[in-house]
Amino acid sequence: MKKILTVALAGVLAASMMFTGCSKKEEAKSEGEIPKTIVVGTNAEFPPFEYVNDDKEIDGFDMAVMKEIGKRLDCKVKIKNMEFKSLIGAMESKNLDVIAAGMTVTDERKEAVDFTDSYYTSNQYIIVKEDSKVKKISDLDGKTIAVQEGTTGDLVATGDYDSVKDAKVKRFKKGVDAVMDLKKGGSDAVIIDANPAQEFVKANEGLRLIKDQSSKEYYAFAIQKGNKKLQKAINKELEAMKKDGTFDKLIKKYI
Ligand code: GLN
């Protein structure tokens, strides 16, 4: 009897150990982790959110925010510069912990990555030559539109939001190359996010902006699917930065 009891007890003990061990492991897996070095992917072609500065460093609002978050979490931040359209794939293959690239939250992207709280609201603007007859987005139907590949501007030009119909879309790796194509007459317009659009028009003569305020979109940092720990930590620090004025200071400095 004693023996049977001992065996039974041992069995219960083993089962409960297995259970806690297993559930702990699962919990750890589903919660994700905050890495000691946060690898941040970006595309440094999107001023003022990310660009290469005069000292050849990757700079900009997103970079400054991520560096500050890294400091507050006591983590190193390593920046990887790549094509915009490669960012999500690099995150899916676990080569990035965070994407900080003025990335708009979209339903399609949400299938591949998770997002933090949004930190900036933007719109798509249209850039045309000063003498262009284009006045509003519907004037772009059937025209040739230059965009940065894989961006929401690309989706608008392609007609995904029922905004533009039957346009010929020319896709470039960099927004600035789309603008150069417009300047040399290769396309009728560029569709790109409001802030870089303003920067590109400022930096180039003979261009005009059409501000379409209807296309509101929200920027957020992307993180690997299921990394709740990092998501929560970034959200917490974003909120703290907003409360203590750091966020506004960076907005003033960069935007
Ligand atoms: N906000 C746009 C998007 O997410 C463009 C971002 C970018 O070009 N860096 O598609």
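The structure we're discussing is the one just above.
Just so it is clear, the structure is predicted and the values come from calculations on it, not from any experiment.

A separate point is the layout of surface pockets. The space that makes up the largest pocket amounts to roughly 240 Å³. Phe84, Lys85, Ile88, Met103, Thr106, Glu108, Arg109, Ala112, Gly150, Thr151, Leu155 and Tyr161 together form the lining of the largest pocket.

Attention now goes to the sheet that holds strand S2 (residues 45-46). The 3 strands lie next to each other as S2-S3-S4, forming an open sheet whose pairing is antiparallel. Taken across any chain shown, the strands that pair with only one partner, and hence form the sheet edges, are S2 and strand S4 (58-59). Across 2 bridges, the pairing between strand S3 (residues 50-52) and S4 is antiparallel. Bridging from a neighbouring strand, Tyr51 pairs with Asp59 of S4.

Quick look at the packing of aromatic side chains now. Following the criterion strictly, the structure yields 10 aromatic pairs and no others. Between Phe46 and Phe49, the aromatic rings sit 5.9 Å apart at their centres with planes inclined by 35°, giving tilted as the arrangement. Taking relative accessible area as the criterion, Phe46 reaches 6% and is therefore assigned buried. Aromatic rings pair up to connect Phe46, Phe49, Phe61, Tyr119, Tyr120, Tyr219, Phe221 and Phe247 into one cluster. Sitting over the ring of Phe247, Lys242 keeps its end group 5.0 Å from the ring centre.

The subject of this paragraph is the site of the ligand. Contacts to the ligand come from 13 residues, most closely from Gly102, Thr104, Arg109, Thr152 and Asp193. One of the side-chain N or O atoms of Thr104 is found 2.8 Å from a nitrogen atom in the ligand. Between an oxygen atom of the ligand and a main-chain N or O atom of Thr152, the distance comes to 2.8 Å. Applying the majority rule of atoms within 2 Å of the grid points places the ligand in the largest cavity. Of the residues assigned to the shell around the ligand, the class counts are 5 nonpolar, 5 polar and 3 charged.

All right, on to unusual backbone geometry then. Cis peptide bonds are those with omega within 30 degrees of zero, and the linkage from Pro47 to Pro48 qualifies with 5°. The backbone phi angle of Lys56 is positive, close to 65°, even though this residue is not glycine. Its place among the elements puts Lys56 in the loop between S3 and S4. The backbone of Asp74 sits at a positive phi, close to 60°, despite the residue not being glycine.

This part covers the pairing of strand S1 (residues 37-42). Counting buried positions over the 6 residues of S1 gives 5, a clear majority of the element. In this sheet, strand S5 (residues 76-81) lies alongside S1 in parallel orientation, the contact comprising 6 bridges. What sits directly across from Val40, in S5, is Ile79. Here S1 runs beside strand S6 (residues 98-99); their pairing, made up of 2 bridges, is parallel. Residue pairing across strands places Val40 opposite Val98, the latter belonging to S6.

If you look at the biggest cluster of nonpolar residues, it comprises 27 residues, and the most contacted ones within it are Val65, Met66, Ile69, Val98, Phe221 and Ile234. Mapped onto this core, the elements with two or more residues apiece are S1, helix H2 (61-73), strand S7 (113-122), strand S13 (217-224), helix H8 (228-243) and helix H9 (246-254). For this core, the element with the most residues is H2, which contributes 7 residues. Look past the residues within four positions of Val98 in its chain and what remains in contact with it is Ile38, Val39, Val40, Gly41, Met66, Met91, Phe221, Ala222, Ile223, Leu230 and Ile234. One finds Phe84, Met91, Ala101 and Val113 within the second-largest nonpolar core, a separate group that totals 15 residues.

How each quantity is defined
Residues numbered from 1 in each chain as written. Predicted model: local features only at pLDDT ≥ 70, side-chain atom pairs only at ≥ 80, totals over all residues. Heavy atoms only, no water. 1 Å grid on protein atoms, 1.4 Å probe; cavity = no way out; pocket = protein on both sides within 12 Å on 5 of 7 lines; lining within 4 Å. Points joined across faces, edges and corners; volume = space filled by probe spheres on them. Pairing = 2+ DSSP bridges. Helix = DSSP H or I, 4+ residues; strand = E, 2+ residues; numbered from the N terminus. Phe/Tyr/Trp six-rings, centres within 6.5 Å; stacked < 30°, edge-to-face > 60°. Buried < 20%, exposed > 50% of the residue type's maximum accessible area, 1.4 Å probe, protein only. Lys NZ or Arg CZ within 6 Å of the ring centre and 35° of its normal. Near = heavy atom within 4 Å. Polar contact = N/O pair within 3.5 Å; in protein donor to acceptor, adjacent residues only side chain to side chain. Sits in = over half its atoms within 2 Å of the grid points. Nonpolar A, V, L, I, M, F, W, Y, C, P; charged D, E, K, R; others polar. Core = buried A, V, L, I, M, F, W, Y, C linked by side-chain atoms within 4.5 Å. Contact = heavy atoms within 4.5 Å.

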